[in-house]
Amino acid sequence: MTAKAACTDFLHFFRSWISNPLRVAAIAPSGDSLARIMTSEIAALDGPIIELGPGTGVFTRALLARGVSEADLTLIEYGPEFISSLQARFPTARVLQMDAAHLADADIFEGEPVGAVVSGLPLLSMSPRKIVSILAGAFAYMRPGGAVYQFTYGPRCPVPRPILDRLGLKAVRIGGTVRNLPPASVYRISRRKPLELSRERFSYRESDTEIDDIAAFSNETAAER
Ligand SMILES: C[S@@+](CC[C@H](N)C(=O)[O-])C[C@H]1O[C@@H](n2cnc3c(N)ncnc32)[C@H](O)[C@@H]1O
């Protein structure tokens, strides 16, 4: 990427953050160092792949650099301001403007299950019930052995332990970098054992007592920490 393109992306991203700081949750796009760690365990044959919250496409470019076919990518971005540039930059990828919390309801994959989900979502600014819906949706499409790759600026995995336990998932820190603004760590989130997560059961609705129970427990645990 040229310096001019990087500067354009920075301004685009910064303006998005000004207008929606909670959703964008960073003042600048991730750096190449973080993008390399986020995609380091993904290979060309892992496609199809879902990317959540691609923004200006830093991780998308890193996936292509690892040999993943653009046609194997589904980019799910909520921010309307990023959609046209994602479509122009990655014309053969599927770009969907939607809330990642509705993944399970969306029925976006009928064929081959996905090999990996790369997430740039700001989980730290999301409610526990929204995190449950996103993860349950992601794993409903995932093939056995597949994983979600999630970065965080925080000191621990951004998915609270009770949510990992309830969904039968585990999180392992696979790396981190100080060459990012701010410094960040990357977690691989995978199934503890083969498990069929039902999309129906954990879909994101306003009144779902099971999700509320997990969320309440998760909030209590967070308060105790
Ligand atoms: C911290 S930025 C990361 C952008 C990019 N992946 C990067 O690392 O530079 C978070 C991105 O997630 C998007 N986002 C936030 N909430 C979302 C949601 N519920 N569904 C889909 N995308 C969302 C934002 O619009 C933004 O593009």
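Further up the page is the structure itself.
The paragraphs below set out a description of the structure included in this document. Quantities reported herein were computed from a predicted structural model and do not represent experimental measurements.

**Quick notes on the overall build of the chain**
Stage number 1. Within the chain, the regular secondary structure consists of 9 helices and 7 strands.
Stage number 2. Split into buried and exposed, the 225 residues of the chain put 42% on the buried side.
Stage number 3. Sequence separation of at least 24 residues holds for 67% of the intrachain contacts in the chain that already meet a minimum separation of 6.

**Details of the site of the ligand**
Stage number 1. Taken together, 23 residues are adjacent to the ligand, and Ser30, Gly53, Gly55, Gly79 and Gly120 come closest.
Stage number 2. Mapped by element, the contributors of at least two residues to the shell around the ligand are helix 2 (21-24), helix 4 (58-65) and strand 2 (73-77).
Stage number 3. Partitioned by chemical class, the residues of the shell around the ligand number 15 nonpolar, 5 polar and 3 charged.

**Looking at the packing of helix 3 (residues 32-39) against helix 4**
Stage number 1. Where helix 3 contacts helix 4, the axes come no closer than 9 Å and their chain directions differ by 55°. Here helix 3 lies oblique to helix 4, going by the angle between them. Remark: the crossing between helix 3 and helix 4 carries right-handed chirality. Residue-level inspection shows Ala35, Arg36, Met38 and Thr39 of helix 3 in contact with helix 4, the latter providing Val58, Phe59, Ala62 and Leu63.

**Quick word on unusual backbone geometry**
Stage number 1. Note the cis peptide between Gly47 and Pro48, where omega equals 0°.
Stage number 2. Checked against the element boundaries, Pro48 lands in the loop between helix 3 and strand 1 (49-52).
Stage number 3. For Ala25, which is not glycine, the phi dihedral falls at a positive 60°.
Stage number 4. Along the chain, Ala25 turns up in the loop between helix 2 and helix 3.
Stage number 5. Of note, the phi angle at Asp107 is positive, near 50°, even though the residue is not glycine.
Stage number 6. Mapped onto the fold, Asp107 is located in the loop between helix 6 (103-106) and strand 4 (114-119).

**Quick look at the sheet that holds strand 1**
To summarise the sheet geometry, strands pair through backbone hydrogen bonds and adopt either a parallel or an antiparallel arrangement.
Stage number 1. Spatial ordering of the open sheet is given by 3-2-1-4-5-7-6, a layout of 7 strands whose pairing is mixed. Since the sheet does not close on itself, it has two edges, and those belong to strand 3 (94-97) and strand 6 (169-177), each with one partner. Direction aside, neighbouring strands of the sheet carry axes that sit 20° apart on average.
Stage number 2. Packing of helix 3 onto the sheet brings it into contact with strand 4, strand 5 (142-152), strand 6 and strand 7 (184-191), and relative to strand 6 it is tilted by some 145°.

**Quick word on the pairing of strand 3**
Stage number 1. Judged from the 4 bridges that link them, strand 2 and strand 3 form a sheet pairing that is parallel. Pairing of Ile76 across the sheet is with Leu96, part of strand 3.
Stage number 2. One crossover worth recording links strand 2 to the parallel strand 3 by way of helix 5 (residues 80-89), and it is right-handed.

**Topic: the pairing of strand 6**
Stage number 1. Strand direction decides the pairing type here: strand 6 and strand 7, joined by 8 bridges, are antiparallel. Bridged to Thr177 within strand 7 is Ala184.
Stage number 2. Remark: 6 residues form the turn of the hairpin made by strand 6 and strand 7, two consecutive strands paired antiparallel.

**Section: the nonpolar core**
Soluble globular proteins tend to pack their nonpolar side chains together in the buried interior.
Stage number 1. In terms of nonpolar packing, the biggest core is built from 54 residues, with Met38, Ile49, Val117, Leu135 and Ala138 touching the most fellow members.
Stage number 2. Ignoring anything within four residues of it in the chain, the contact list for Ala138 reads Ile50, Leu103, Val117 and Val148.

**Section: the environment of Ile189**
Stage number 1. Following the sequence through the fold, Ile189 ends up in strand 7.
Stage number 2. For Ile189, a count of 22 C-beta atoms within 10 Å translates into the label buried.
Stage number 3. Setting aside its immediate chain neighbours within four residues, Ile189 contacts Ala147, Val148, Gln150, Val159, Leu169 and Ala171.

**A look at the environment of Ser125**
Stage number 1. Along the chain, the position of Ser125 falls in the loop between strand 4 and helix 7 (128-141).
Stage number 2. A tally of 13 C-beta atoms within 10 Å means that Ser125 is categorised as partly exposed.
Stage number 3. With 103 residues separating them along the chain, Ser125 and Leu22 place their C-alpha atoms 6.5 Å apart.
Stage number 4. Setting aside its immediate chain neighbours within four residues, Ser125 contacts Leu22 and Ala25.

Thresholds applied
Residues numbered from 1 in each chain as written. Predicted model: local features only at pLDDT ≥ 70, side-chain atom pairs only at ≥ 80, totals over all residues. Helix = DSSP H or I, 4+ residues; strand = E, 2+ residues; numbered from the N terminus. Buried ≥ 20, exposed ≤ 12 C-beta atoms within 10 Å, placed from the backbone. Contact = placed C-beta atoms within 7 Å. Near = placed C-beta within 6 Å. Nonpolar A, V, L, I, M, F, W, Y, C, P; charged D, E, K, R; others polar. Axes fitted to C-alpha atoms, helices over the stretch in contact; angles between N-to-C directions. Parallel < 35°, antiparallel > 145°, perpendicular 65-115°, else oblique. Left-handed = near helix turned anticlockwise from the far one by under 90°. Pairing = 2+ DSSP bridges. Right-handed = clockwise from strand over helix to strand, strands pointing away. Core = buried A, V, L, I, M, F, W, Y, C linked by C-beta atoms within 7 Å.

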